[in-house]
Protein chains: 2
Amino acid sequence: MIGTMPRAATTSDAFNAIAEPRRRDILDYLAPRERPVGDIVLAVGLAQPSVSKHLRVLRDVGLVEVRRDGRHVFYRTNAEGIRPLHEWTSRFERYWRHQLARVKERAERN
Amino acid sequence: MIGTMPRAATTSDAFNAIAEPRRRDILDYLAPRERPVGDIVLAVGLAQPSVSKHLRVLRDVGLVEVRRDGRHVFYRTNAEGIRPLHEWTSRFERYWRHQLARVKERAERN
DNA sequence: CAATCATATGCCTATACAGGAATGTGTCAA
DNA sequence: TTGACACATTCCTGTATAGGCATATGATTG
């Protein structure tokens, strides 16, 4: 049998990958520029193995890219991978703008 | 003991809630206007209990709101809940714009 | 009140983590 | 080659699903 359909793998797509807060922390930290794993460990305050595992997930879904330089491994964000997420959320942008407009409108009537 | 720290609950925040594709389907379907559960069931092609459970999650994180009218329960999106997601992804927007610019640049040199 | 429609909730199971601890792997210096 | 440094991977465990199925709940009508 195929069995049931549990929660999807974190590596199934960017949406699942960024559901984890620490992975967003990592991406935030990497946003300005590439960093070696050791720096990421210090920045996010997690154990090194945990960080490596998170980086593995981010790498599998294409949210980060890797470059090796001697003993150091540098990670950098691949913003292109975040784009689908941004585009999906953009679909609803107009709605909160409308809401904001309504709120303002009400405020101005007082 | 507190135990280990497994994957966060889907109801912990919007990021976790929308990690599930069917929930995004539901939000997409609700985007234009409110709908009763029965219509959502037909639209997403899931069993009614599954849909109700997804709606429950979306409701718990504030991504949808409910209105009851007789036997029918109408759900509508609360775009405000998607906003944090949009804003988080916006942080990286400039990067893919830069990438796009670089790609264009290369193309124009040929 | 009974029957029915529209939803919601409970139970069960296979699956997928996330972190901790220990260990493996690759690279460089002496 | 040996030791140290920088990361990656494996194993283990408690927790959190997502869907199927059965059932409970709320509202409407006869």
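Before any of the text, the structure's been laid out above.
A. Representation of the packing of aromatic side chains within the structure. Considering all chains together, one arrives at four aromatic pairs over all chains under this definition. For the ring pair Phe15 of chain B and Trp88 of chain B, a centre distance of 6.2 Å and an interplane angle of 90 degrees mean the geometry is edge-to-face. Note that Phe15 of chain B is positioned in helix H1 (residues 14–17) and Trp88 of chain B in helix H5 (residues 83–90), a separation of 73 residues in sequence. Through pairs of rings, three or more aromatic residues link up here, namely Phe15, Trp88 and Phe92 of chain A. Its end group placed over the ring of Phe15 of chain B, Arg24 of chain A keeps NZ or CZ at 3.7 Å from the ring centre. When the ring centre of Tyr95 of chain A is taken as reference, the NZ or CZ atom of Arg94 of chain A above it lies at 4.7 Å.

B. How the structure looks around the pairing of strand S3 (residues 72–77) of chain A. Residue and element names in this part refer to chain A. The pairing of strand S1 (residues 35–36) with S3 spans two bridges and is classified as antiparallel. Bridging across to S3, Arg35 finds its partner in Tyr75. Direction of pairing for strand S2 (residues 64–69) relative to S3: antiparallel, over a ladder of six bridges. Looking across to S3, one finds that Asp69 is bridged to His72. The hairpin formed by S2 and S3 contains two residues between the paired strands, and Gly70 there has a positive phi angle of roughly 65 degrees.

C. Representation of the nonpolar core. Counting 56 residues, the largest nonpolar core has Leu63 of chain A together with Val51, Leu63 and Phe92 of chain B as the members making the most contacts within it. Those residues in contact with Leu63 of chain B that sit more than four places away from it in its chain are Ala14, Ala17, Ile18, Leu27, Leu58, Arg76, Thr77, Asn78, Gly81 and Ile82 of chain B.

D. Geometry of H5 of chain B. When H5 of chain B is considered as a whole, its buried residues turn out to be Leu85, His86, Trp88 and Thr89 of chain B. With its buried residues spanning 165 degrees around the axis, H5 of chain B presents them on a single face.

E. Spotlight on the sheet that holds S3 of chain A. Pairing within the open sheet is antiparallel, and its three strands lie in the order S1-S3-S2 (chain A). Each having just a single partner strand, S1 and S2 of chain A make up the two edges of the open sheet.

F. Here's a closer look at the relation of the copies chain B and chain A. When chain B is fitted to chain A, the best match, at an RMSD of 0.0 Å, comes from turning it 180 degrees and sliding it 0.0 Å along the axis. Overall, the copies show the geometry of a two-fold rotation axis. Residue His86 of chain B, judged by its C-alpha, is the member of chain B lying nearest the rotation axis, at 2.9 Å. A high fraction, 100%, of the interface residues of chain B reappear at the interface in chain A, so the copies pair face to face through one surface.

G. View of the protein's contact with DNA strand C. As a matter of local geometry, DNA strand C sits amid 30 residues, with Thr10, Lys53 and His54 of chain A together with Ser52 and Tyr75 of chain B nearest to it. Of what DNA strand C places within 4 Å of the protein, 67% of the atoms are sugar or phosphate. Arg23 of chain A is positioned with one of its side-chain polar atoms (N or O) 3.2 Å from a phosphate oxygen of DNA strand C. Interatomic distance of 3.2 Å between a backbone N/O atom of Arg71 of chain B and a sugar or linking oxygen of DNA strand C. Those elements giving two or more residues to the surface near DNA strand C turn out to be helix H2 (21–30) and helix H4 (48–60) of chain A together with helix H3 (37–44), helix H4 (48–60) and strand S3 (72–77) of chain B. For the surface near DNA strand C, the element with the highest residue contribution is H4 of chain B, accounting for five residues. Within the surface near DNA strand C, the residues separate by chemical class into eleven nonpolar, nine polar and ten charged.

Scoring rules and cut-offs
Within every chain, residues take consecutive numbers counted from 1 along the sequence as written. Lettering for chains starts from A, numbering for ligands starts from 1, and both go in the order in which the items are written. Local features in a predicted model are, by the rule used here, given only for residues with pLDDT of at least 70; side-chain atom pairs are given and counted only at 80 or more, and totals for whole chains, interfaces and linings are based on all residues. Side-chain measures here rest on the full set of heavy atoms in the structure, leaving out hydrogens and waters. To pair, rings of Phe, Tyr and Trp, with the six-membered ring standing in for Trp, must have centres within 6.5 Å; the planes then decide the type, stacked if under 30 degrees apart, edge-to-face if over 60, and tilted in the middle. Numbering of helices and strands runs from the N terminus; a helix is a DSSP stretch of H or I covering at least four residues, while a strand is a stretch of E covering at least two. Whether a charge lies above a ring is judged from NZ of Lys or CZ of Arg, which has to be within 6 Å of the ring centre and within 35 degrees of the ring normal. Think of it this way: DSSP has to see at least two bridges between two strands before they count as a pair. Residues belong to a common nonpolar core when they are buried Ala, Val, Leu, Ile, Met, Phe, Trp, Tyr or Cys residues joined through side-chain atoms within 4.5 Å. Remark: exposure states derive from per-residue accessible area (1.4 Å probe, protein chains only) relative to the maximum for the residue type, with buried under 20%, exposed over 50%, and partly exposed in between. Residues count as neighbours in contact if any of their non-hydrogen atoms are within 4.5 Å of one another. To obtain the arc, one takes the directions from the helix axis to the C-beta atoms. All copies are superposed by least squares; the fitting set is the C-alpha atoms of residues with a pLDDT of at least 70 in both. We call a residue near a molecule or strand as soon as one heavy atom of that residue lies within 4 Å of the molecule or strand. We call two N or O atoms a polar contact when they sit within 3.5 Å, provided that within protein one can donate a hydrogen and the other can accept it, with sequence-adjacent residues counted only if both atoms are side-chain atoms. Residues were grouped as follows: Ala, Val, Leu, Ile, Met, Phe, Trp, Tyr, Cys and Pro as nonpolar; Asp, Glu, Lys and Arg as charged; and all remaining residues, including Gly, as polar.

Geometric values such as these leave the question of function open.
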